[in-house]
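Here is how the chains run, residue by residue.
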Amino acid sequence: MPRLPHSAPIKALALTVGIVAALAAQTSRAQAQDIRTAVVAGGCFWCVESDFERVPGVVEVVSGFAGGSVPNPSYRDVVAGGTGHLEVVEITYDADILPYDRLLHLFLRSIDPLDAGGQFCDRGESYTTAIFVETAAERQAAQAALAQASRYLGRQVVTPIRNAAPFYPAEAYHQDYYRSEDVILTRFGPRRKSVAYDLYRNACGRDARVEQLWGADAPFIHQGAG
């Protein structure tokens, strides 16, 4: 076996130290992130998911259900009524990039917070709005956001603040519905889910109503639906 140069062990040690330092720095950066979750109900969870997955600082958005009395409800259970659940999204976000109060500001301007009976064309309890809070600080931020929205609109908003409740993810076929290329049968014939989503959102009047309420302060409609 040929002998290694005298400097080889030193170079190997230096390389090892460099790798360890790089990994430590990467871990430190990851730990420095302030990763949190927020659960909000804004009517159709496909639409809220579509909106918030575009926001800088959002790590993940999952469509699901919260606020009811039945564990692990199915979509059919919820829309049939009687479970008490709302369609919600669980937003995982980096609070260093997207503070909670900013998240709520965006959320309220993506819905109709004056409507207590549902959202847009979707009616009934499961489509009503809500902000679910876990801490006193979150409750205070939500109260401030609702008060600000009321002042802006000149009317009392009806979106309630609710205590945190178990979150149940919806079935896999509901996740990322707005960008899925899977083909389904609709009343318009076979369509990709992404196309069906755009047709639904436009027909439901979501963006038209949000623009009517919030005007230039609406954060998502000018990016296009879906």
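Residues numbered from 1 in each chain as written. Predicted model: local features only at pLDDT ≥ 70, side-chain atom pairs only at ≥ 80, totals over all residues. Heavy atoms only, no water.

- Per an unreviewed UniProt entry, the protein goes by the name Peptide methionine sulfoxide reductase MsrA and belongs to Roseicyclus mahoneyensis.
- For the protein, the Sequence similarities (unreviewed entry) comment in UniProt is given as "Belongs to the MsrA Met sulfoxide reductase family."
- Regarding the protein, the relevant UniProt record gives this comment under Function (unreviewed entry): "Has an important function as a repair enzyme for proteins that have been inactivated by oxidation. Catalyzes the reversible oxidation-reduction of methionine sulfoxide in proteins to methionine." (UniProt positions renumbered as here; feature names shortened; annotations may be inferred.)

**Quick word on the nonpolar core**
Thought 1: F52, I91 and I131 are the most contacted members of the largest nonpolar core, which totals 47 residues.
Thought 2: With near-sequence residues (within four places) excluded, I91 lies in contact with R36, T37, A38, V40, F52, V58, E60, V61 and L103.
Thought 3: Formed by nine residues, the second largest nonpolar core is a distinct cluster that contains V39, A41, A130 and F132. (Core = buried A, V, L, I, M, F, W, Y, C linked by side-chain atoms within 4.5 Å. Buried < 20%, exposed > 50% of the residue type's maximum accessible area, 1.4 Å probe, protein only. Contact = heavy atoms within 4.5 Å.)

**What to know about the packing of aromatic side chains**
Thought 1: Within the structure shown, the criterion is met by seven aromatic pairs.
Thought 2: Note on W46 and Y177: the rings are 3.8 Å apart at their centroids and 10 degrees apart in plane angle, and the pair reads as stacked. A residue pair is termed long-range when its members are at least 10 positions apart, and W46 in helix α2 (residues 45–52) and Y177 in the loop between β8 (168–169) and β9 (183–186) qualify at 131 residues. The burial state of W46 is the same as that of Y177; both residues are buried.
Thought 3: Three or more aromatic residues joined by ring pairs form one cluster here, namely F45, F65 and Y75. (Phe/Tyr/Trp six-rings, centres within 6.5 Å; stacked < 30°, edge-to-face > 60°. Helix = DSSP H or I, 4+ residues; strand = E, 2+ residues; numbered from the N terminus.)

**Concerning helix α7 (residues 206–214)**
Thought 1: The complete set of buried residues in α7 reads R206, D207, V210, L213 and W214. Looking straight down α7, one finds its buried side chains confined to an arc of 130 degrees; they lie on one side. Facing away from the buried side of α7 by more than 90 degrees, the exposed set consists of A208 and Q212.
Thought 2: Packing partners of the buried residues in α7 comprise β1 (35–42), α2, α4 (100–108), α5 (136–153) and α6 (193–204).
Thought 3: Backbone geometry just after α7 places G215 at a positive phi near 55 degrees. (Arc of directions from axis to C-beta.)

**Points about the pairing of strand β10 (residues 189–192)**
Thought 1: Direction of pairing for β9 relative to β10: antiparallel, over a ladder of four bridges. Within the sheet, the bridge partner assigned to I184 lies in β10 and is R191.
Thought 2: Connecting the antiparallel pair β9 and β10 is a turn made up of two residues. (Pairing = 2+ DSSP bridges.)

**What to know about the pairing of strand β3 (residues 86–94)**
Thought 1: By the criterion of burial, β3 is predominantly enclosed, with eight of the nine residues buried.
Thought 2: With eight bridges connecting them, strand β2 (residues 58–66) and β3 associate as antiparallel partners. Note that in β3 the partner of F65 across the bridge is E87.

**Some words on the environment of D198**
Thought 1: Within the secondary structure layout, D198 lies in helix α6.
Thought 2: As a C-alpha pair, D198 and C47 span 151 residues in sequence and 9.7 Å in three-dimensional space.

**Some remarks on α5**
Thought 1: With 18 residues, α5 extends 26 Å between its outermost C-alpha atoms, agreeing within 8% with the 26 Å of an ideal straight helix rising 1.5 Å per residue.
Thought 2: Taken together, the buried positions of α5 are E138, A141, A142, A145, L146, A149, S150 and L153.
Thought 3: Along its buried surface, α5 packs onto β1, α4, β6 (129–133), β7 (161–163) and α7. (Expected span 1.5 Å × (residues − 1).)

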